[in-house]
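Here's the letter readout for the chains.
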Amino acid sequence: MRFNTLIIVTPLQYKDWRARSIKLSFYDYWLELENIPVYRGNFIEDVYTLQLGDWPRLGGRGAYLSLANQQVTNGYVVEISPGADLKPERHLFEKITYVLSGNGATQVWQDGGKRLTFEWQAGSFFAIPLNAHHQHFNGSGSQPARLMAATTAPEALNQYHNLDFVFNNPFVFKDRFDPEQSDFFTAEGHSWGTRSWETNFVADVRSFELEAWEAKGAGARHMRFVMADSVYGCHIHELSPVTYVQAHRHAAGAMILVLSGSGYEIMYMKDGPRQRFELKPGAIISPGTGMYHLHANPNAEPLRQIAFRGGGFSLYGAGVGGPEAHMSELVPYDQEDPAVHEEFYAECRSRGLEPVLMPIKQGPG
Ligand SMILES: [Fe+2]
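In this report, we go over the structure that sits alongside the text. All values derive from a computational prediction rather than experimental measurement.

**Regarding the packing of aromatic side chains**
Any pair of aromatic rings gets described here by the distance separating the centres and the angle formed by the planes.
Here is step 1: Applying the stated criterion across every chain, the model contains 28 aromatic pairs.
Here is step 2: Centroid distance Phe26 to Tyr29: 6.4 Å. Interplanar angle 45 degrees. Geometry classified as tilted. With Phe26 and Tyr29 both in helix H2 (residues 26-34), this residue pair falls three residues apart, about one helical turn.
Here is step 3: Residue class for Phe26 comes out buried when judged on its relative accessible area of 2%.
Here is step 4: Residue Tyr29 is classed as buried on the basis of its relative accessible area, which comes to 2%.
Here is step 5: When the ring of Phe125 is compared with that of Phe225, the centres are 5.6 Å apart and the planes differ by 80 degrees; the resulting orientation is edge-to-face. In this pair, Phe125 sits in strand S9 (residues 125-128) while Phe225 sits in strand S16 (residues 221-226), placing the two residues 100 residues apart along the sequence.

Okay, structure coming up:
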């Protein structure tokens, strides 16, 4: 079996980081050591075609998504060559993985325990239990497999600033994952109540049944996920045709990937210029702290997104502050710059579609 390399910072490297640490977090220093491309900012145009680099530690080719100028969550994209596998790893941070393309299998195990194996294909979504060993295999001899992961690595690395502790820690979280539960990754899951689902594996999030959430817009549909006892919150949100989610803001940390449909995103800081980004499958938006953002679907098809939200137990709201803070940050339609909905109405009509008109006076509902 091949093992990870580069998982210990040498005393000389540690000295180097300490000398620079007034301006460089341990997490960002680790990104330098990983020596693969790092994407920053608030928008990724297309994660399917993102340029990757050889990744000595993990095998395969990869790139980090270190978006929205924050040190809480991050992501990465990794591609496994046809017929190949990645090196096994374990780590003291949460990780949720979405399969962008290809098919394959993952093995997960605890020290001395049996290995559970589950298979995945494009659209699958699963969580790796905290500090469990895991290894990914490409199931195709002719096609690469491309995965996207969302993690809490920045928090863990900055907190302990010791790679040996984070990546070689023998502690076993038996309460989170017992390999004797052989259907851990294959059980269907169960509802946790309104718009919440507990599971460790979803075969295809692109067709997962969602529940109505009219407060988020006419015809909006939604589902939150609780996975592997993780504290990494995530959800799927679907905008129905010719609607938008009104502008809101919250703490940074979320990465929102477009699964299907298309549209556009408006992002801006208070009193700052509005920036527009085009949304299509594979686009990722990641608003910064306090950055207003608005998802718009001026098309005849639904726009489905998966939000790797991070922060807080999965049933609760985005980032710091929980759902109440999240909702209180909504911009009521009657306080919105009329240019925002005029632009949206014009986009719909240019496609020959009649938009759902936004209520003149209404809060979040
Ligand atoms: Fe948001």
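**Details of the coordination of the iron ion**
In ideal tetrahedral geometry, four donors around a metal make angles of 109.5 degrees, whereas ideal octahedral geometry with six donors gives angles of 90 or 180 degrees.
Here is step 1: Only His248 (NE2), His250 (NE2) and His293 (NE2) from the protein reach the iron ion as donors, at distances of 2.2 to 2.3 Å.
Here is step 2: Read from N- to C-terminus, the donor residues coordinating the iron ion fall into the pattern H-x1-H-x42-H. Of this pair, His248 sits in strand S18 (residues 243-248) while His293 sits in strand S23 (residues 292-297), and the two are 45 residues apart along the sequence. Across the pair, exposure class does not vary: His248 and His293 are buried alike.

The rules we used
Residues numbered from 1 in each chain as written. Predicted model: local features only at pLDDT ≥ 70, side-chain atom pairs only at ≥ 80, totals over all residues. Heavy atoms only, no water. Phe/Tyr/Trp six-rings, centres within 6.5 Å; stacked < 30°, edge-to-face > 60°. Helix = DSSP H or I, 4+ residues; strand = E, 2+ residues; numbered from the N terminus. Buried < 20%, exposed > 50% of the residue type's maximum accessible area, 1.4 Å probe, protein only. Donors = N, O, S within 2.8 Å, 3.2 Å for Na, K, Ca; no water.

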